[in-house]
Amino acid sequence: DDDKVRDLLKETALGQGSRLKVNAGFIEGNTVSCTGAQFCGLGLIETKANAESIAKKLESMVTVDRPIRIHWTGCPNSCGQVQVADIGIMGGPARKLDEATGKMMAVPGCKIFVGGKIGEDAHLSLDPYKEGIPLEEDSLIPDLVGILKTQFGAVDKKKRKRDVLRSLIGIK
């Protein structure tokens, strides 16, 4: 059986840069998404690509000591079951200042739910923790990092000395 596992781990689908991971992190490996606006007429936001992208960024920014379930749903029908997630993200309206016009403009956005639980101590998070957050990463990620730190004990990832040196001299 160990030989079969080794052969499986050599598959290119599980190689460097693949979307599939054998040991996904505590955030990436516990992210759930409905199909979203790409394939659902009810979806207010595109969920799958955002869920994958933001989970990867969060995983690279913070360390958590347990699995954190982040569920995404594109609309209030909640196919992604945001109310039972540690952090639920539901598509919804948001506004952002358009610097060119000086006016607040409608942009893709979300509501964030925090504290849902499954199992013996099940709890639904029915009231949004925060609403009207623009979906763009510059707006959403700082809010999610803050929630991960205050509600789930996340800490900033420690940068390796080599990475700090590379960033100082401009090498990626």
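Up top is the structure these notes are about.
Below, the structure is looked at part by part.

Cut-offs applied
- Residues numbered from 1 in each chain as written.
- Predicted model: local features only at pLDDT ≥ 70, side-chain atom pairs only at ≥ 80, totals over all residues.
- Heavy atoms only, no water.
- Helix = DSSP H or I, 4+ residues; strand = E, 2+ residues; numbered from the N terminus.
- Buried < 20%, exposed > 50% of the residue type's maximum accessible area, 1.4 Å probe, protein only.
- Contact = heavy atoms within 4.5 Å.
- Areas by Shrake-Rupley, 256 points an atom, 1.4 Å probe, with all protein chains shown as cover.
- Pairing = 2+ DSSP bridges.
- Axes fitted to C-alpha atoms, helices over the stretch in contact; angles between N-to-C directions.

Side note on the overall build of the protein
Now for step 1: Regarding its fold elements, the protein presents 4 helices and 7 strands.
Now for step 2: Shown N-terminal to C-terminal, the secondary structure of the protein runs as helices and strands in the order α-β-α-β-β-β-β-β-α-β-α.
Now for step 3: Judged by the C-alpha coordinates and their principal axes, the protein covers about 55 × 50 × 35 Å.
Now for step 4: Relative to its full complement of 172 residues, the protein shows a buried share of 33%.
Now for step 5: Across the protein, the fraction of contacts at a sequence separation of at least 24, relative to all contacts at a separation of at least 6, is 54%.
Now for step 6: For the protein, the accessible surface area stands at approximately 11100 Å², while carbon and sulfur atoms represent 54% of it.

Observations regarding the sheet that holds strand β1 (residues 31–33)
The strands that make up a sheet pair up through hydrogen bonds in the backbone, lying either parallel or antiparallel.
Now for step 1: If you trace the 5 strands from one edge of the open sheet to the other, you get β1-β3-β4-β5-β6, paired in mixed fashion. Each end of this open sheet is capped by a strand with a single partner; those strands are β1 and β6 (130–134). Direction aside, the axes of adjacent strands within the sheet are offset by 35 degrees on average.
Now for step 2: Together, β3 (70–73), β4 (87–98), β5 (103–114) and β6 form the strand contacts of helix α3 (residues 137–152), whose direction differs from that of β5 by roughly 25 degrees.

Observations concerning the environment of Lys-57
Now for step 1: Looking at the element boundaries, Lys-57 is found in helix α2 (residues 48–61).
Now for step 2: Taking the C-alpha atoms as reference points, Lys-57 and Ile-27, 30 residues apart in sequence, are found 9.7 Å from one another.
Now for step 3: In this view, Lys-57 contacts Glu-137 and Ile-141; residues no more than four positions away in its chain are not counted.

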